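What the coordinates show
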Amino acid sequence: VKSKEDDAPFDKQQPVYAINWFNTKRAWLYKFYSLLAIRSVLKIGGRPFFKAKCRLIEGDPTLNRKVLLIVKYPNPAAFLQLVSNKYFQAISIFRNASVDQFTFGFASKTSNQRWEKPDNSNFYILHHYQAETAIAKELVRIALEASPAGDLQIFFSGKVDKCLVVKSSTGSERQVPN
């Protein structure tokens, strides 16, 4: 797990949120994978944080993904322990065969809002953008102020600031998935 900005330090003891954004080729196979994987995720202290079906309202259709899954890990080392586990590596074959257009990154939570469990009767808006943390926080503040009745709540606001890299035997690094 590496910072996306060269030489930018991050606290390796803080929780990280794995942002998994993808389409499914075989939904039934992904559900099977999820049933197999959840025990391993829970064992290292990870917790599913949020999962939703998505649809594109506006923007570049090539960036459209159908599923968003956010998993909270206690720290980057816990995630690395998970992906180093031989059982988890074996069952990941099912994930790889079931997903398409997989986008992955680690986010640090930038919002301080506390929210109970998501309510299945609500709709959620995923606003995916690239901006500096200060700008993102300002956008959240403006959105909340625009909702004087308090009917808008921020469930998760974060910045994808870390990625997973693998080193080859020659020492070169590449981000996965790329």
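Residues numbered from 1 in each chain as written. Predicted model: local features only at pLDDT ≥ 70, side-chain atom pairs only at ≥ 80, totals over all residues. Heavy atoms only, no water.

**Details of the overall build of the protein**
- Counting its regular elements, the protein contains four helices and seven strands.
- Written out in order from the N terminus, the α and β elements of the protein read β-β-α-β-β-α-α-β-α-β-β.
- By the burial criterion, 31% of the 178 residues in the protein qualify as buried.
- Taking all contacts inside the protein whose residues are at least 6 apart in sequence as the whole, residues at least 24 apart take part in 77%.
- As displayed, the protein has an accessible area near 12300 Å², and 54% of this comes from carbon and sulfur atoms. (Helix = DSSP H or I, 4+ residues; strand = E, 2+ residues; numbered from the N terminus. Buried < 20%, exposed > 50% of the residue type's maximum accessible area, 1.4 Å probe, protein only. Contact = heavy atoms within 4.5 Å. Areas by Shrake-Rupley, 256 points an atom, 1.4 Å probe, with all protein chains shown as cover.)

**Some words on the nonpolar core**
- Counting residues in each nonpolar core, the largest one holds 20 residues, and the members touching the most others are Tyr-73 and Leu-82.
- Setting aside its immediate chain neighbours within four residues, Leu-82 contacts Ser-40, Val-41, Ile-44, Tyr-73 and Phe-88.
- The next biggest cluster of nonpolar side chains, apart from the first, holds nine residues, and it includes Tyr-17, Ile-19, Phe-50 and Leu-68. (Core = buried A, V, L, I, M, F, W, Y, C linked by side-chain atoms within 4.5 Å.)

**With respect to the packing of helix 2 (residues 76-84) against helix 3 (residues 86-98)**
- Where helix 2 contacts helix 3, the axes come no closer than 5 Å and their chain directions differ by 70°. Relative to helix 3, the element helix 2 is oriented roughly perpendicular. Between helix 2 and helix 3, the contacting residues are Leu-82, Val-83 and Ser-84 on the first element and Lys-86, Phe-88 and Gln-89 on the second.
- Across the contact of helix 2 with helix 3, the residue classes break down as three nonpolar, two polar and one charged. (Axes fitted to C-alpha atoms, helices over the stretch in contact; angles between N-to-C directions. Parallel < 35°, antiparallel > 145°, perpendicular 65-115°, else oblique. Nonpolar A, V, L, I, M, F, W, Y, C, P; charged D, E, K, R; others polar.)

**A closer look at the pairing of strand 4 (residues 67-73)**
- Of all seven residues making up strand 4, six are buried, and the element is well covered by its neighbours.
- Looking at chain direction, strand 3 (residues 47-53) and strand 4 are connected through six bridges and run antiparallel. Counted as the bridge partner of Ala-52 is Leu-68 from strand 4. (Pairing = 2+ DSSP bridges.)

**Here we look at the packing of helix 1 (residues 27-43) against helix 3**
- Orientation of helix 1 relative to helix 3, taken along the N-to-C sense of each, is 155°, at an axis distance of 8 Å. In terms of their interaxial angle, helix 1 and helix 3 are classed as roughly antiparallel. The two elements helix 1 and helix 3 cross, and the hand of that crossing is left-handed. Here helix 1 contributes Leu-29, Tyr-30, Phe-32, Tyr-33, Leu-36, Ala-37 and Ser-40 to the contact with helix 3, which in turn contributes Tyr-87, Phe-88, Ile-91, Ser-92, Phe-94, Arg-95, Ala-97 and Ser-98.
- Tallied by class, the residues present in the contact of helix 1 with helix 3 amount to eleven nonpolar, three polar and one charged. (Left-handed = near helix turned anticlockwise from the far one by under 90°.)

**Structural notes on the environment of Thr-24**
- Relative to the elements of secondary structure, Thr-24 occurs in strand 2 (residues 16-24).
- Under the relative-accessibility criterion, Thr-24 is labelled partly exposed at 32%.
- Taking the C-alpha atoms as reference points, Thr-24 and Val-99, separated by 75 residues in sequence, lie 4.3 Å from one another.
- Setting aside its immediate chain neighbours within four residues, Thr-24 contacts Tyr-30, Val-67, Ser-98 and Val-99.

**A short note on the environment of Lys-53**
- On the secondary structure map, Lys-53 appears in strand 3.
- Sequence separation of Lys-53 and Leu-69 is 16 residues, and the distance between their C-alpha atoms is 8.9 Å.

**A look at the side chain of Ser-40**
- Tracing the backbone shows Ser-40 in helix 1.
- Judged by relative accessible area, which is 12%, Ser-40 ranks as buried.
- Every residue in contact with Ser-40, bar those within four places of it in the chain, is listed here: Leu-82, Tyr-87 and Phe-88.

**Side note on the packing of aromatic side chains**
- Under the defined criterion, the tally for this structure stands at seven aromatic pairs.
- With a centroid separation of 5.7 Å and 45° between ring planes, the pair formed by Tyr-30 and Tyr-33 is classed as tilted. Of this pair, Tyr-30 and Tyr-33 both sit in helix 1, three residues apart, roughly one helical turn. The exposure classification of Tyr-30 matches that of Tyr-33, with both residues buried. (Phe/Tyr/Trp six-rings, centres within 6.5 Å; stacked < 30°, edge-to-face > 60°.)

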